[in-house]
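The primary structure of each chain is shown beneath.
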Amino acid sequence: MLLKSKEKSTYKEDSVNEKPLRSIVKSLSWRTIGTLDTILISWLITGELTLAFSIGSVELVTKMVLYFFHERVWNSIKWGK
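Computed from a predicted structure; not experimentally measured.

(A) Structural detail: the overall build of the protein. Counting its secondary structure elements, the protein contains 3 helices and 0 strands. Going through the 81 residues of the protein one by one, you find that 17% of them count as buried. Counting contacts in the protein only where the partners sit at least 6 residues apart, residues at least 24 apart contribute 69% of the total. Surface accessibility of the protein: about 6800 Å² in total, with carbon and sulfur atoms responsible for 71%.

Below you can see the structure in the form of structure tokens.
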């Protein structure tokens with residue numbers, strides 16, 4: 001019974017809207033991981049580290065912006081909350 005109460009409070013906390021700053025921090029942390037992955041894959045495919053970093057730097061900016069707006073749109077959708 002105590003476990004159910006804890007699950008309800010956890011769900012309730014998760015269903016509260018996030019502030020924009022939280023979305024920004026999540027974007028930065030995720031993009032760091034994603035960009036390192038892109039650089040590694042680009043390097044393995046092209047064999048050129050300079051080109052891999054160029055691809056990674058462009059991808060870093062574009063996907064961070066896209067992720068931020070994706071988060072904000074999903075945060076406004078009531079489905080599943």
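We are not done yet, so read on.
(B) Looking closely at helix H2 (residues 20-46). Relative to the 39 Å expected for 27 residues at 1.5 Å per residue, H2 spans 37 Å between its end C-alpha atoms, a close match to the ideal helical length. Within H2, burial applies to Ser-23, Ser-27, Arg-31, Gly-34, Thr-35, Thr-38, Ile-39 and Ser-42. Turning to H2, the residues buried within the fold contact helix H3 (49-76). Positioned one or two residues after H2, Gly-47 has a phi angle of 75 degrees, which is positive.

(C) The arrangement of a nonpolar patch on the surface in detail. Taken together, the side chains of Leu-40, Trp-43, Leu-44, Leu-49 and Phe-53 present a nonpolar region at the surface, about 520 Å² in accessible area. The set of elements that each furnish at least two residues to the nonpolar patch consists of H2 and H3. In terms of residues, the nonpolar patch owes the most to one element, H2, which gives 3 residues. Residue classification places Leu-49 among the partly exposed residues on the basis of a relative accessible area of 40%.

What counts, and where the lines are drawn
- Residues numbered from 1 in each chain as written.
- Predicted model: local features only at pLDDT ≥ 70, side-chain atom pairs only at ≥ 80, totals over all residues.
- Heavy atoms only, no water.
- Helix = DSSP H or I, 4+ residues; strand = E, 2+ residues; numbered from the N terminus.
- Buried < 20%, exposed > 50% of the residue type's maximum accessible area, 1.4 Å probe, protein only.
- Contact = heavy atoms within 4.5 Å.
- Areas by Shrake-Rupley, 256 points an atom, 1.4 Å probe, with all protein chains shown as cover.
- Expected span 1.5 Å × (residues − 1).
- Patch = residues over 30% accessible without salt bridge, like charges linked within 9 Å, V, L, I, M, F, W, Y side chains within 5 Å.
- Salt bridge = Lys/Arg side-chain N within 4 Å of Asp/Glu carboxyl O.

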